[in-house]
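Coordinate analysis (summary)
As a plain string of letters, each chain reads:
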Amino acid sequence: MAKGREEYEARTAARNAFGKDLARRAKSKCELCERGGEKLSVYEVPPVPRDPDFDRCLLLCSDCIEQTENPRRFEPGEHWRFLANQAWSDLPMAQVLSVRLLRRQAAGQDWAREALEGLYLDEETEALVAEAD
Ligand SMILES: [Zn+2]
């Protein structure tokens, strides 16, 4: 048990160490919805590797994290429209997460289905999208 806890704490510390560089990249805005003035936290896009990987991390607001992380809290709808733009993001993990969230609600949301229909994903990105969710 103690070992598991130590590993967990070491992992959390390693992940939190990314915070500064992520903050510089994110310019104080959520890297998914782009809202500023929110409390931002490091979010690891699943599947989460054994050791935290900077390139798999995004700095997100608590709203985005909560709904993304917890499918039962996820509320489909127009407030996710920003995903249609983010699905074209140059930031690979922002793109991957956006496509996953669009797919999660495409059945009930016309705008999400349309956003996906107009989207081109290369094989590599498609593979990343399919890794989880
Ligand atoms: Zn957000």
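Residues numbered from 1 in each chain as written. Predicted model: local features only at pLDDT ≥ 70, side-chain atom pairs only at ≥ 80, totals over all residues. Heavy atoms only, no water.

Note on the zinc ion: its protein donors are Cys30 (SG), Cys33 (SG), Cys61 (SG) and Cys64 (SG). The metal-donor distances range over 2.3 Å. One way to put it: the four donor atoms around the zinc ion meet at angles of 104 to 116°, and that makes the site tetrahedral. When the donors of the zinc ion are listed by position in the chain, the intervening gaps give C-x2-C-x27-C-x2-C. In this pair, Cys30 is assigned in the loop between helix H2 (19-26) and strand E1 (40-44) and Cys64 in helix H3 (residues 62-69), connecting sequence segments 34 residues apart. (Donors = N, O, S within 2.8 Å, 3.2 Å for Na, K, Ca; no water. Tetrahedral: all angles 85-135°; square planar, octahedral: opposite > 155°, others 65-115°. Helix = DSSP H or I, 4+ residues; strand = E, 2+ residues; numbered from the N terminus.)

Turning our eyes to something else, we now look at helix H6 (residues 110-117). Among the residues making up H6, those that are buried are Trp111, Ala112, Ala115 and Leu116. Along the axis of H6, the buried residues cluster in a sector spanning 135°; they form a single face. Those residues of H6 that are exposed and aimed more than 90 degrees away from the buried face are Glu114 and Glu117. (Buried < 20%, exposed > 50% of the residue type's maximum accessible area, 1.4 Å probe, protein only. Arc of directions from axis to C-beta.)

What follows is about the pairing of strand E2 (residues 57-61). Summarising burial for E2: five of the five residues are buried, a large majority. Both E1 and E2 contribute to a ladder of five bridges, which runs antiparallel. Each bridged residue has a counterpart across the sheet, and for Val42 the counterpart in E2 is Leu59. (Pairing = 2+ DSSP bridges.)

Below, the discussion takes up the pattern of salt bridges. Within this structure, the stated rule accounts for 13 salt bridges. Here Asp21 ties to Arg24 by a salt bridge, and the two come within 3.1 Å at their closest N and O atoms. Taken together, the positions of Asp21 and Arg24, both in helix H2 and three residues apart, correspond to about one turn of that helix. Taking the shortest distance from any N to any O, the salt bridge between Arg25 and Glu31 comes out at 2.8 Å. With relative accessibility at 27%, the residue Arg25 sits in the partly exposed group. Beyond isolated ion pairs, a larger network of salt bridges with shared partners links Arg11, Arg15 and Glu44. (Salt bridge = Lys/Arg side-chain N within 4 Å of Asp/Glu carboxyl O.)

Attention now goes to the layout of surface pockets. The space that makes up the largest pocket amounts to roughly 150 Å³. Lining the largest pocket, in full, are Arg25, Ala26, Lys27, Lys29, Cys30, Glu31, Glu34, Gln86, Ser89 and Leu91. Here the lining of the largest pocket is built from residues that sort into three nonpolar, two polar and five charged. (1 Å grid on protein atoms, 1.4 Å probe; cavity = no way out; pocket = protein on both sides within 12 Å on 5 of 7 lines; lining within 4 Å. Points joined across faces, edges and corners; volume = space filled by probe spheres on them. Nonpolar A, V, L, I, M, F, W, Y, C, P; charged D, E, K, R; others polar.)

Once that is clear, we can look at the side chain of Gln67. Along the chain, the position of Gln67 falls in helix H3. By relative accessible area, which is 11% here, Gln67 ends up buried. Among residues more than four places away in sequence, those in contact with Gln67 are Arg73, Phe74, Glu75, His79, Trp80 and Arg104. (Contact = heavy atoms within 4.5 Å.)

Mapping Ala115 onto the fold places it in helix H6. You can call Ala115 buried: its relative accessible area is 16%. With residues up to four places along the chain from it excluded, the contact list for Ala115 reads Ala84 and Leu102.

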